[in-house]
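# Overview (structure and organization)
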Amino acid sequence: MKLSSANINVMIMACRKASKLLIRDFGEIEKLQVSLKGPGNFVTVADIKVEKILIEALQKARPNYSILSEEIGEIDNDKSFKWIIDPIDGTANFLHGIPHFAISVGLEQNKEIICGIIYDPIKDEMFIAEKGNGAYLNNQRIRVSSRSKLKDCIIFTGGPKQSSKDKELALKEYNNFSSKVLIPIRKLGSAALDMAYVAAGRCDGYWQRNLNYWDVAAGIILVKEAGGYVTDFNGGNEYIQNKTILANNSKISEEMIEVLK
Ligand code: IPD
Ligand code: CA
Ligand code: CA
């Protein structure tokens, strides 16, 4: 089985096209110019070039859709459909030559994510989901893990960003996990892949505050379509507004919420 709706095909095509440049630039990483966009947030020439290829391909196929993309911002058009793009999620890894980053593209219809793709070009792993049609990794159906006790789990997180005003809270949450439950906590450096790995059952849960919509848009539909939960830190639906993402296999949701408090 595989997903092959018209929008999914457009997203796959755009990602494959952009990934060629990404793979080439990754091989020549030392030649990239780097400028500082803000603490802990580098913007590379590659981010901008990849974004351009993605946007051109998506606009060619769907000229009326609106766009929200990390580097370029908002392109207003059709009110009901919007692409949400992070051209490289895991830029710091990319810059350091660590082969763990991804292109992330989500599609919103009437403010709800209906399709998502997260493509790791180095491992050639394409995670795709569509509302009502499940989540897939390279055409194989994926499901969240089935572990029901936090003590048996591996949990992912990221940050905190040096500049974030909630840095203290983020550190407290990290300390809670390290001291209340003695389980492995990993920071792999790509929020999009963190979410994709929850969807694929490679890790059991993920939490992070201060993410942007483009970091997690595609990940949200992947986790949900793989049978997982995406909530804010209180178990509610305000995860975009509150910028607090908690994704898990559904079975450890309550335990995670308790530990985060
Ligand atoms: C970052 C990554 C990272 C997360 C940061 C994000 P970028 O995105 O997703 O894992 O911890 O909060 O900003 O800057 O590489 O696109
Ligand atoms: Ca990102
Ligand atoms: Ca990015």
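Our structure's up above, just so we're on the same page.
This one's a predicted model, so the numbers in the text were calculated from it and none came from an experiment.

When its secondary structure is counted, the protein shows 7 helices and 15 strands. By the compact-globule yardstick of 18 Å for 261 residues, the protein fits well, its C-alpha radius of gyration being 17 Å. Along the first, second and third principal axes, the C-alpha atoms of the protein reach 50 × 40 × 35 Å. For the protein, the residues scored as buried account for 55% of the 261 residues in total. Side-chain charges of the protein comprise 34 positive and 32 negative groups, with the mean position of each set lying 2 Å from the other.

Moving on, we get to the site of ligand 1. In the neighbourhood of ligand 1, 15 residues make up the surrounding shell, with D89, G90, T91, A191 and Q208 lying closest. T91 is positioned with one of its backbone polar atoms (N or O) 2.8 Å from an oxygen atom of ligand 1. Between ligand 1 and S190 there is a distance of 3.2 Å, counted from an oxygen atom to a backbone nitrogen or oxygen. For ligand 1, the accessible surface in isolation is 380 Å², of which the surrounding protein chains cover 88%.

Binding of the calcium ion (ligand 3) to the protein goes through E70 (OE), D86 (OD) and I88 (O), at separations of 2.2 to 2.3 Å. Counting the intervening residues between successive donors of the calcium ion (ligand 3) yields the motif E-x15-D-x1-I. In this structure, the calcium ion (ligand 3) is positioned 3.7 Å from the calcium ion (ligand 2), and both are ligated by D86. Here D86 lies in strand β5 (residues 81-89) and E70 lies in the loop between β3 (66-69) and β4 (73-75), a separation of 16 residues in the sequence. Owing to a relative accessible area of 17%, E70 belongs among the buried residues under this scheme.

Along the polypeptide, G116 turns up in strand β7 (residues 112-120). In this structure the C-alpha to C-alpha distance between G116 and K2, which are 114 residues apart in sequence, comes to 14 Å. Those residues in contact with G116 that lie beyond four places of it in its chain are M11, V105, G106, F127, I128, A129, A218 and I221.

Cut-offs used in this document
- Residues numbered from 1 in each chain as written.
- Chains lettered and ligands numbered in written order.
- Predicted model: local features only at pLDDT ≥ 70, side-chain atom pairs only at ≥ 80, totals over all residues.
- Heavy atoms only, no water.
- Helix = DSSP H or I, 4+ residues; strand = E, 2+ residues; numbered from the N terminus.
- Rg over C-alpha atoms; globule rule 2.2 N^0.38 Å.
- Buried < 20%, exposed > 50% of the residue type's maximum accessible area, 1.4 Å probe, protein only.
- Lys, Arg positive; Asp, Glu negative; His and termini not counted.
- Charge placed at Lys NZ, Arg CZ, Asp CG, Glu CD.
- Near = heavy atom within 4 Å.
- Polar contact = N/O pair within 3.5 Å; in protein donor to acceptor, adjacent residues only side chain to side chain.
- Areas by Shrake-Rupley, 256 points an atom, 1.4 Å probe, with all protein chains shown as cover.
- Donors = N, O, S within 2.8 Å, 3.2 Å for Na, K, Ca; no water.
- Contact = heavy atoms within 4.5 Å.

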